[in-house]
Amino acid sequence: MLQNIIDWVISVMEAIGSPGVGLAVFLENVFPPIPSEVILPLAGFTASQGSINVVAAFIWATVGSLTGAYFLYYLGAAIGANRLRKIAAWMWLVKVEDVDNALAWFDKYGKASILIGRVIPGIRSLISIPAGIDRMNPLTFGLYTLLGSSIWNALLIYCGWVLGENWHAVEGVIDQYSKVVYALVALALVAVFIWLLRRARQEKRDVA
């Protein structure tokens, strides 16, 4: 599967040059299983060989990131808070006010969430959806997405440029980094689940 992705990215870059990097990154944003930690270092390596321009690769990668982020933003806006509340209404241990609290939190800390989320694998794409649901100011969303994406894209393209034929080593480093992040997210989800369970039990006692 991974080799197929690599072959496809190479063929696209060979066919249309630097815009192919942007297309690949756009698809990576919309379909997170396509890893940017493969696409971007490969683009950096390809640029080091003179096949594409490294600055153009960075610009197109950032355009792809921004376009993909806005696609998911408007997907979140289409889902909307009301539909999310309806889903929460029939979910076990989740209340409608939980949605409101989450959206209020995102409204307060959304800028930092977008900026930080853009450099966390697995989260960097999906963070756009709650931004759309919350109807975060599109311009503000775009600016913070642009900043976070620029940092991520520049770092990975540079690594591919420097490492040359060993560009694939970047994936291993990012994979270890991702495991730490996912472990922290898992712990946070467990903590939230325990809190919801305790709250449900306490409310049951209060009713009794």
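Values in this document were obtained by computation on a predicted structure and should not be read as measured data.

Cut-off values and rules
- Residues numbered from 1 in each chain as written.
- Predicted model: local features only at pLDDT ≥ 70, side-chain atom pairs only at ≥ 80, totals over all residues.
- Heavy atoms only, no water.
- pLDDT = per-residue confidence, 0-100.
- Helix = DSSP H or I, 4+ residues; strand = E, 2+ residues; numbered from the N terminus.
- Axes fitted to C-alpha atoms, helices over the stretch in contact; angles between N-to-C directions.
- Parallel < 35°, antiparallel > 145°, perpendicular 65-115°, else oblique.
- Contact = heavy atoms within 4.5 Å.
- Nonpolar A, V, L, I, M, F, W, Y, C, P; charged D, E, K, R; others polar.
- Phe/Tyr/Trp six-rings, centres within 6.5 Å; stacked < 30°, edge-to-face > 60°.
- Buried < 20%, exposed > 50% of the residue type's maximum accessible area, 1.4 Å probe, protein only.
- Expected span 1.5 Å × (residues − 1).
- Polar contact = N/O pair within 3.5 Å; in protein donor to acceptor, adjacent residues only side chain to side chain.
- Core = buried A, V, L, I, M, F, W, Y, C linked by side-chain atoms within 4.5 Å.
- Left-handed = near helix turned anticlockwise from the far one by under 90°.

1. Notes on the confidence of the model for the protein
In the predicted model, the protein carries a mean pLDDT of 77, and 68% of its residues have values of at least 70. Per-residue pLDDT, averaged within each element of the protein, yields its smallest value for helix α8 (residues 169-207) (59) and its largest for helix α7 (residues 138-163) (92).

2. Let's talk about the packing of helix α2 (residues 19-30) against helix α3 (residues 36-48)
Packing of α2 against α3 brings their axes to within 10 Å, and their N-to-C directions diverge by 170°. Taken together, the axes of α2 and α3 are roughly antiparallel relative to one another. Here Val 21, Ala 24, Val 25 and Glu 28 of α2 come into contact with α3, specifically with Ser 36, Ile 39, Leu 40 and Ala 43. Tallied by class, residues from the contact of α2 with α3 come to six nonpolar, one polar and one charged.

3. Brief notes about the packing of aromatic side chains
For the structure shown, the criterion picks out six aromatic pairs. Ring geometry for Tyr 70 and Tyr 74: centres 6.2 Å apart, planes at 20°, overall stacked. Of this pair, Tyr 70 and Tyr 74 both sit in helix α4 (residues 54-90), separated by four residues, roughly a single helical turn. The exposure class of Tyr 70 is partly exposed, given its relative accessible area of 23%. For Tyr 74, a relative accessible area of 46% corresponds to the partly exposed category.

4. Looking at α3
For α3, which comprises 13 residues, the first-to-last C-alpha distance of 18 Å matches the rise-based estimate of 18 Å (1.5 Å per residue) to within 8%. Buried residues dominate α3, accounting for twelve of its 13 residues. Restricting attention to buried positions, one finds in α3 the residues Ser 36, Glu 37, Val 38, Ile 39, Leu 40, Pro 41, Leu 42, Ala 43, Gly 44, Phe 45, Thr 46 and Ala 47. Gly 50 sits one or two positions beyond α3 and adopts a positive phi of about 85°.

5. Focus on the side chain of Arg 118
Tracing the chain through its elements places Arg 118 in the loop between α5 (96-117) and α6 (128-133). A distance of 2.9 Å separates a polar atom in the side chain of Arg 118 from a polar atom in the side chain of Asn 29. Of note is the side chain of Arg 118, whose polar atom sits 3.1 Å from the side chain of Ser 149. Aside from chain neighbours lying at most four places away, what touches Arg 118 is Asn 29, Ser 65, Ala 69, Arg 124, Ser 125, Ile 127, Ser 128, Thr 145, Gly 148, Ser 149 and Trp 152.

6. Quick look at the side chain of Asn 29
Note on placement: Asn 29 falls in helix α2. In contact with Asn 29, other than residues within four places in its own chain, are Gly 64, Ser 65, Gly 68, Ala 69, Leu 72, Arg 118, Arg 124 and Ser 125.

7. A look at the nonpolar core
Judged by nonpolar contacts, the single largest core of 21 residues is most densely connected at Val 9, Met 13, Val 21, Leu 40 and Leu 42. Per-element accounting of this core gives the leading share, seven residues, to α3. In contact with Leu 42, other than residues within four places in its own chain, are Ile 6, Val 9, Ile 10, Met 13 and Trp 167. Counting eight residues, the second largest nonpolar core, distinct from the first, contains Tyr 73, Phe 106, Ile 114 and Ile 127.

8. Regarding unusual backbone geometry
Negative phi values dominate among residues other than glycine, just as trans dominates among peptide bonds. With phi around 55°, Arg 135 is a residue other than glycine that occupies positive phi space. Residue position: Arg 135 is located in the loop between α6 and α7.

9. Considering the packing of α3 against α7
Helix-helix packing is characterised by the crossing angle of the two axes and by the distance between the axes. Following both chains from N to C, one finds α3 and α7 inclined at 50°, their axes separated by 6 Å at the closest point. For the element pair α3 / α7, the angle class is oblique. For the element pair α3 and α7, the recorded crossing hand is right-handed. Note on element contacts: α7 touches α3 through Trp 152, Asn 153, Leu 156, Ile 157, Gly 160 and Trp 161, opposite Ser 36, Glu 37, Leu 40, Pro 41, Gly 44, Phe 45, Ala 47 and Ser 48. Of the residues that constitute the contact of α3 with α7, the class distribution is eight nonpolar, five polar and one charged.

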